Structures are given as C-alpha cells and as structure tokens.
Amino acid sequence: MLCLLTIGVQAQLKPRVVILTDIGRPDLEPDDTESLVHLLCYADRLEIEGIITSTGWNCDPYPTESAAYRDSVVEAYSKDIQNLSLRSGQKHFYTREKENGKQRIGYWPSAEYIRSRCKMGSQRAGIGVIGKDNDSEGSDLIIRLADENDDRPIWVCAWGGANTLAQAIWKVQQTRTPEQLKAFLHKLRLYTITDQDMVWAMRENLAYSSHQWMRREFADDLKFVWDEGAWQLQCELGKQHWQKIQQQIQGHAALGKQYPNYKYGVEGDTPSFLNVIPNGLHNPEEPIQAGWGGYHTWALTKDSTTYAWTSVEESVQKLSEGYYHHFYLDNLNDFIARIEWAEKGEGNRNPVTIVNGKKGTDAIVIKAKAGQTVKLDASKSYDPDGDELSFFWHQQKGIGKTEVGMYEFINNLSTVNVTIPDTFHDDEIHIICEVHDNSKYALPAYRRIIIRTK
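Residues numbered from 1 in each chain as written. Predicted model: local features only at pLDDT ≥ 70, side-chain atom pairs only at ≥ 80, totals over all residues. Heavy atoms only, no water.

Visitor: Residues and numbers for the sheet that holds strand β17 (residues 444-453), please.
Guide: If you trace the five strands from one edge of the open sheet to the other, you get β11-β17-β16-β13-β14, paired in mixed fashion. Sheet topology places β11 (364-368) and β14 (410-411) at the edges, where each strand pairs with a single neighbour. Across seven bridges, the pairing between strand β13 (residues 389-395) and strand β16 (residues 428-437) is antiparallel. Across the sheet, serine 390 pairs through a bridge with histidine 436, a residue of β16. (Pairing = 2+ DSSP bridges. Helix = DSSP H or I, 4+ residues; strand = E, 2+ residues; numbered from the N terminus.)

Visitor: Just give me the short version of the packing of aromatic side chains, but keep the residues and values in it.
Guide: Aromatic ring pairs are defined here through the distance separating the ring centres and the angle between the ring planes. Enumeration over the complete set of coordinates arrives at 13 aromatic pairs. Ring centres 6.3 Å apart and planes at 45 degrees place the aromatic pair tyrosine 259 and phenylalanine 335 in the tilted group. Taken together, the residues tyrosine 259 in the loop between α11 (253-257) and α12 (271-274) and phenylalanine 335 in helix α13 (residues 314-344) connect sequence positions 76 residues apart. Note on accessibility: tyrosine 259 and phenylalanine 335 belong to one class, buried. Here the aromatic rings of tryptophan 298 and tyrosine 307 are separated by 6.3 Å at their centres, their planes lie at 20 degrees, and the arrangement is stacked. Classification of tryptophan 298 by relative accessible area gives partly exposed; the value is 43%. Under the relative-accessibility criterion, tyrosine 307 is labelled partly exposed at 43%. Sitting above the plane of the phenylalanine 224 ring, arginine 215 keeps its charged end 5.2 Å from the centroid. If you follow arginine 338 out to its NZ or CZ, it ends over the ring of tyrosine 42, 4.1 Å from the centre. (Phe/Tyr/Trp six-rings, centres within 6.5 Å; stacked < 30°, edge-to-face > 60°. Buried < 20%, exposed > 50% of the residue type's maximum accessible area, 1.4 Å probe, protein only. Lys NZ or Arg CZ within 6 Å of the ring centre and 35° of its normal.)

Visitor: If you had to explain the environment of tyrosine 94 to someone new, which residues and values would you point to?
Guide: On the secondary structure map, tyrosine 94 appears in the loop between α2 (67-85) and α3 (96-99). The class for tyrosine 94 is buried, based on a relative accessible area of 11%.

Visitor: Any chance you could break down unusual backbone geometry for me, citing the residues and the numbers?
Guide: Aspartate 60 connects to proline 61 through a cis peptide bond whose omega is 10 degrees. Structurally, proline 61 is set in the loop between β2 (47-53) and α2. With phi around 50 degrees, asparagine 356 is a residue other than glycine that occupies positive phi space. Tracing the backbone through its elements, the reader meets asparagine 356 in the loop between β9 (354-355) and β10 (358-359). Of the residues examined, asparagine 356 reaches a relative accessible area of 32% and is grouped as partly exposed. Positive phi, normally seen in glycine, also occurs at asparagine 412, with a value near 60 degrees. Relative to the helices and strands, asparagine 412 is located in the loop between β14 and β15 (415-419).

Visitor: Hey, could you go over the side chain of glutamate 228 for me, with residue numbers and the actual values?
Guide: With respect to the helices, strands and loops of the structure, glutamate 228 is situated in the loop between β6 (223-227) and α9 (230-240). Here glutamate 228 falls in the buried class, since its relative accessible area comes to 6%. Polar side-chain contacts of glutamate 228 include one of 3.0 Å to the side chain of tryptophan 226. The contact partners of glutamate 228, leaving out residues within four places of it in the chain, are Thr194, Asp195, Lys302, Ser311, Val312 and Gln317. (Polar contact = N/O pair within 3.5 Å; in protein donor to acceptor, adjacent residues only side chain to side chain. Contact = heavy atoms within 4.5 Å.)

None of the figures reported here should be taken as evidence of function without further support.
Okay, here's the thing in structure tokens:
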C-alpha cells in the first residue's frame, strides 16, 4: 500500500525519459555526474526509464568501468531517498511490478528500480558501427520501452552521442514492417545536447554521426531537438553561480557529496531533461514554446543538409539564451531546495498556480476576437507552506505575430487584462504567468495561457 500526500500535485502520470550519458571520471567528464545528481533530485517528476552509458566527445570506445561513476550517484540516491520522499509525504514504495508500470507525479521510485534501469549502450560512436553487431542492453531496453502499452512519448535525452537510439531504430527497421517502424518512431522524442556521436577532435564532421542519419531518414516520424543554445549558456551560468553551487549543493546530503567541481562548464547536459519537467511553463511537444530547456524552431541544422528543431540560427540562439538566462535562477534555486530536502527531510515546496479557476500544468487555451479584453486571474493560486506569493506576467517572444504590450514584465498583479489588438487574425498570443513564493529560494510555478483567434 502506498500513501502519498500530493499537496499541490495533480494525480497525473510522469513524462517518460531515457538518459544516454557518457559519464566518466570527474576530472575528465564531471558535467554528466553533475547533471545526474540534478536529475535524480527530480525522480518524483520524471519517470526515469533508463540511464544508459554510451560514447561521447571524450570517449570512443566507451570504457566499461566508467559506468561505476553513474552507479555511485545512484547509490547516493539510495541514501537520500527516505528524506526526498518526505517532500511528497510518501510512506512506502510501489511493488516492483507497479514501479515498472506507470508512475504518477509525486512518486519517488526506489533505488532498486533506478538500478534496474541502468544499462550499457553502444560503446563505439558514429553511423559506421550501426548494424547487426552493435546491439546492446541499452538499445534493447529502448525497443522494449517503446513496445509497452503506454501512450506517453519517450524522451531520449542525449548527454553524449545518441548512437544507442540509432541502433534501436536500425534493428526495428530491419525486423519489422514500414508501418511498425513508423509506429515505433512515433513513440520517441530525441533531445540532443549538440552532436556528440564522435570524439571532440571530429566534432565538425557531422556526416560521421548517426544523428545525421536519423534526421535524414526519419525526418517525418522522429521528433528531433538539437540544442545549440541552452547547453552552452547552462555551462557559463553555472560558472558564474559556482560559489552558490559550492555552498548550497556540494557536500549537502549524499547526492551533493557526489557533485564534482566543473572542468569546462557546469551541467551542460541538464537542459535536456529540464525540457521535460512538467512545471506549467511549456509543452515539450512544442519546442517553439520557451521553457527551462530553451527555445527551438524548425530549421536547417549545422550540417546544412538536414532539418530539426534547433537553436543554431543566430537570432533563435539569442532568443533561446535570453529565456534560459531569465529562468536559470528559478531552476537552480528549485534544485537547491530539493537538495535541502535530501539533507534534512524538510524544506520548501513550490506554489500552485491557478489561472481562471484552472489548476494543473497544461496550457490554458482561450478563444478571443480582435478588440476583445481577456481577463487573466491567478488570485486563487496558493502556496502549500503558507508563503506569500508574487506574480509576474509576460508575453513570450518568438511565437505568434501579435504584440499585446506585455513583452516587459507586469509585476505583482494577480489579475491582468489583455487587450487584443485589432490586427489579431489567424494567430496565437502566448502569455506566461509566473508565481514565486517569498521563501529564501523564491520557488517558482508557472502557467501558460494561449489566446487563439475565435
């Protein structure tokens, strides 16, 4: 029997994620370890279906012994899970059978479950190794997950190369009908932190990578997000806020003790899973909606041959970085607050945003006409810890054609009126409501409101 106190948390299913990581020695590849600590602090928000070790910029072949660094972080999670689960009021774990089924938001999985999802993936990089001799436990797991009777998409987050996913696709292509292959691909989403299916010295040889093959051959069926904006800024902002990270993450709880010093940048892979966390800010199925994982448009990629959802164009990268910069302290403070739970078994929780009487994280869609005034009321929002709230409203840039004069923040009003311009026709206006509590972390909650032409 499981007892959960889901204060402010809807009884909805978690998003599914699979991690492809080239985690290694902290003096060589520390950012993957940093990102894994961060990820496991959100095991109540994401259904972690796999943590698969594989190749990346720093290793080809991937050394089998490097998987021990992943396992050390999972062991730290096993020590902190009792305190972390108090954040949801969790008393017990599901049975293993139920853990392997569908997990609801607010549920912290057992360390045994996480360990069972740790697999070795492809140990060689590039399209050249894809084929009958390249199957792995990791590629087999991806196929098995996609075959499950589950309508939720699987977000594959590539912290290194996505060669393991490419191998799974190749195997399905060889063993199933075209219709079955299409159904398989429709279950998958791929978010890559640049293109790392090669060693660093080869990073401009994009034709070498299996990523290009996936974009070219399956453009109509595989949603492919190629980030070239958020990850670089994540690295730099982490360096800028390193003193805060040292003081409030490193050394705190077992997970914080696993958090290494940075080498090139801090947590460069983190945007891939921040993109999937359900916090009301955006829908990951719509990469043009700015969120914790950046902002992306459908465009020609860096290889000048294939298309994907990407931020490679200068104007898009600038906008993506602007939003990432804006939300960075929110996601960092949110992480720090969770580390505090891991250490102390108590702490602060996020507010709950309610707009026009609607609770949840899905966008609120409103139909309106030109000249109409739309009232947005977040006054029913609340904080489960009783903290006072502040409110911020703004219109997202880079989506829609109609401006409503809300590109700058409207501060501390729980209710705003949006006047629809006379030019509004066949368009969408995206308004974001941000709510923060007055705790020491100013924890966030969000809601996206989409105003569409009536």
